[in-house]
Amino acid sequence: MNRNIKLGVFGFGCVGQGLYNVLHQTRGISAEIKKICIKHPEKTRPIDASFFTTSRDEILNDPEIDVVVELIDEVDAAFEIVSAALRKKKAVVSANKKMIAEHFTELLELQNQYATPFLYEASCCASIPVIRNLEEYYDNDLLTSVQGILNGSTNYILTHIFENGKRFDEALHDAQKLGYAESDPSLDVKALDPKYKLLIILVHAFGIVLKPENIFNYGIDHLKNEDIRYAREKNSRIKLIAKCAKIDNKVFAYVMPQLVSESDTLNKVAYEYNGLLLAGAFSEHQFFMGKGAGGNSTGSAVLSDISALTYDYRYEYKKLHQQLNHSYTLDKMLELYVSYNGEFKPDIHDFENISVRHESAECNYLVGKINLAKLATANWLNEPSISILLTENNL
Ligand SMILES: NC(=O)c1ccc[n+]([C@@H]2O[C@H](COP(=O)([O-])OP(=O)(O)OC[C@H]3O[C@@H](n4cnc5c(N)ncnc54)[C@H](OP(=O)(O)O)[C@@H]3O)[C@@H](O)[C@H]2O)c1
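1. Observations regarding the environment of Ala279
By the element assignment, Ala279 lies in strand E11 (residues 273–280). Residue Ala279 is classed as buried on the basis of its relative accessible area of 10%. Remark: the alpha-carbon pair of Ala279 and Thr53, spanning 226 residues in sequence, is separated by 46 Å.

2. Some thoughts on the layout of surface pockets
When its volume is computed, the second largest pocket comes out at roughly 320 Å³. In terms of lining, the second largest pocket is formed by 17 residues, of which the most central are Phe216, Asn217, Tyr218, Leu381 and Asn382. For the lining of the second largest pocket, the secondary structure elements donating two or more residues are strand E8 (216–217) and helix H15 (372–376). For the lining of the second largest pocket, the per-class residue count stands at nine nonpolar, five polar and three charged.

3. Remarks on the site of the ligand
Of all residues adjacent to the ligand, which total 26 residues, the nearest are Val15, His40, Lys43, Arg45 and Gly294. With respect to the ligand, the side chain of Lys43 contributes an N or O atom lying 2.6 Å from an oxygen atom. Between the ligand and Arg45 there is a distance of 2.8 Å, counted from an oxygen atom to a side-chain nitrogen or oxygen. Starting from 900 Å² of accessible surface for the ligand in isolation, the protein chains cover 90%. Per-class residue counts for the shell around the ligand are 11 nonpolar, eight polar and seven charged.

4. Focus: the sheet that holds strand E6 (residues 118–119)
Judged by pairing direction, the sheet is parallel, and its six strands sit side by side in the order E3-E2-E1-E4-E5-E6 without closing on themselves. Two strands close off the open sheet at either side, each with one partner strand: strand E3 (52–53) and E6. Pairing analysis gives four bridges linking strand E4 (residues 67–70) to strand E5 (residues 91–94), with the strands arranged parallel. Bridged to Val67 within E5 is Ala91. Sitting on the sheet, helix H1 (residues 14–24) touches strand E1 (5–10), strand E2 (31–37) and E4, and the angle it makes with E2 is about 160°. Across the sheet, helix H3 (residues 75–87) touches E1, E4, E5 and E6, and the angle it forms with E4 is around 170°.

5. Here's the deal with a nonpolar patch on the surface
Judged by side-chain polarity, Tyr273, Phe287 and Met289 come together as a nonpolar surface patch covering roughly 270 Å² of accessible area. Along the polypeptide, Tyr273 turns up in strand E11. With a relative accessible area of 31%, Tyr273 lands in the partly exposed category.

6. A look at the packing of helix H8 (residues 152–164) against helix H9 (residues 168–177)
Direction vectors running N to C along H8 and H9 enclose 135°, while the axes themselves pass 9 Å from each other. On the basis of the axis angle, H8 is oblique to H9. Our pair here, H8 against H9, has a crossing hand that is right-handed. On the side of H8, the interface is formed by Ser153, Tyr156, Ile157, His160 and Ile161, while H9 contributes Phe168, Ala171, Leu172, Asp174 and Ala175. A breakdown of the residues in the contact of H8 with H9 according to their chemical character gives seven nonpolar, two polar and one charged.

7. Observations regarding the side chain of Ser236
Following the sequence through the fold, Ser236 ends up in strand E9 (residues 236–247). Under the relative-accessibility criterion, Ser236 is labelled buried at 4%. Aside from chain neighbours lying at most four places away, what touches Ser236 is Phe162, Ala231, Leu259, Val260, Ser261 and Glu392.

8. A word on the nonpolar core
Residues Leu7, Val69 and Ile306 are the most contacted members of the largest nonpolar core, which totals 113 residues. Among the elements that line this core, the one with the most residues is helix H11 (residues 192–206), at nine residues. Once residues within four sequence positions are removed from consideration, Ile306 is found in contact with Ile5, Leu7, Leu19, Ile29, Ala31, Val69 and Val93. Membership of the second largest hydrophobic core comes to 21 residues, among which are Ala245, Phe252, Val338 and Leu381.

9. A look at the pairing of strand E10 (residues 250–261)
For E10, the tally of buried residues reaches 10 of 12 residues, placing the bulk of the element in the interior. Across two bridges, the pairing between E8 and E10 is parallel. Paired with Asn217 across the strands is Val255, a residue of E10. The antiparallel hairpin formed by E9 and E10 contains two residues in its connecting segment, where Asp248 sits at a positive phi of about 55°. Of the strand pairs in this sheet, E10 and strand E13 (residues 327–328) are connected by two bridges, and their pairing is parallel. Bridge pairing in E13 links Lys250 to Ser327.

Criteria and cut-off values
- Residues numbered from 1 in each chain as written.
- Predicted model: local features only at pLDDT ≥ 70, side-chain atom pairs only at ≥ 80, totals over all residues.
- Heavy atoms only, no water.
- Helix = DSSP H or I, 4+ residues; strand = E, 2+ residues; numbered from the N terminus.
- Buried < 20%, exposed > 50% of the residue type's maximum accessible area, 1.4 Å probe, protein only.
- 1 Å grid on protein atoms, 1.4 Å probe; cavity = no way out; pocket = protein on both sides within 12 Å on 5 of 7 lines; lining within 4 Å.
- Points joined across faces, edges and corners; volume = space filled by probe spheres on them.
- Nonpolar A, V, L, I, M, F, W, Y, C, P; charged D, E, K, R; others polar.
- Near = heavy atom within 4 Å.
- Polar contact = N/O pair within 3.5 Å; in protein donor to acceptor, adjacent residues only side chain to side chain.
- Areas by Shrake-Rupley, 256 points an atom, 1.4 Å probe, with all protein chains shown as cover.
- Pairing = 2+ DSSP bridges.
- Contact = heavy atoms within 4.5 Å.
- Axes fitted to C-alpha atoms, helices over the stretch in contact; angles between N-to-C directions.
- Patch = residues over 30% accessible without salt bridge, like charges linked within 9 Å, V, L, I, M, F, W, Y side chains within 5 Å.
- Salt bridge = Lys/Arg side-chain N within 4 Å of Asp/Glu carboxyl O.
- Parallel < 35°, antiparallel > 145°, perpendicular 65-115°, else oblique.
- Left-handed = near helix turned anticlockwise from the far one by under 90°.
- Core = buried A, V, L, I, M, F, W, Y, C linked by side-chain atoms within 4.5 Å.

Structure below.
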């Protein structure tokens, strides 16, 4: 590729401005932004108006632009932009996990058909280099599990609740003000955002391509004061954990709030930081930690992808092509804490066994073992008064 890259950027919000900042403070890469396509031309911008356009074609039809950087917060428009760019054989960098997760198979086909690279390191854990590591470094290692905190916004909220006694809505408001939350915060608090990231990780870790609806997710929006008190009594914190792991040739995956005890590495991952624990047959346990949200940190991952394009890097999807014979399963036994009020109770027949049952005027809860397949279809889960936490034994 042309070593003096001309970039056409879509989006100049938190991440778009972050990319602009890091690009202008980095000497090692020869790349310049030629045009930025935005949605609302009436907004005041911190850089010269000549950069901006509202016409996609001004970027997509410009033969001088080699790389399209997609940093918008809409899914359908983002997919149209990325597909059109790949069809024009322009390399693409994106941070849009929702768009990537919802269109993974089509994006794979487009990359093959037009022999054009599509890189998306920033989509997973913002500043932590996850995808390229899974693709290249862990190529020959027999990975057994990847798990961690993949959402900076909910980790920021949970840390504030546990460390500073803040209320949920206050902490969410702060996360939004600081640019850690998605434009639609339900993507974070309902654990959709980490599920999209986990879907991408599953491809690069285990060669499994799923649809978002195949992965069970449960957010932190049901959390009650009683659950926080219970976690404190156990000397634990609550973290929103995304996990995929392989047992024999079966791979399971989920995103759920979990009790994480003081001695666990993930307990120390605080505020907007993300943390990822990898286990492999030969490398054993490894831990990555870094900022999982924010303009400059996400912008730095985007810039790293742009830099990788200068040496013609592309994902080879090695695990997909290795024909690893891994199959996806929901058949996994989990230990769960479930809190409920007097009116709505979990169906105890869904549990294989119940080890603790506590009912009092202040709170009701049980601890028991349940199969993930059963949990994923349980109607009682949707009751706002019911909330679940994985116990420490599932890490
Ligand atoms: N924020 C983070 O920490 C973070 C971390 C990792 C990944 N991401 C991902 O990065 C992407 C951008 O996030 P963000 O936080 O930067 O969003 P944001 O602050 O809300 O900015 C979105 C930008 O996209 C532009 N836009 C929206 N629809 C458009 C369209 N149809 N055509 C052209 N421009 C359009 C907006 O234009 P106007 O300025 O005119 O409104 C705005 O500049 C998302 O996919 C997000 O999931 C974000």
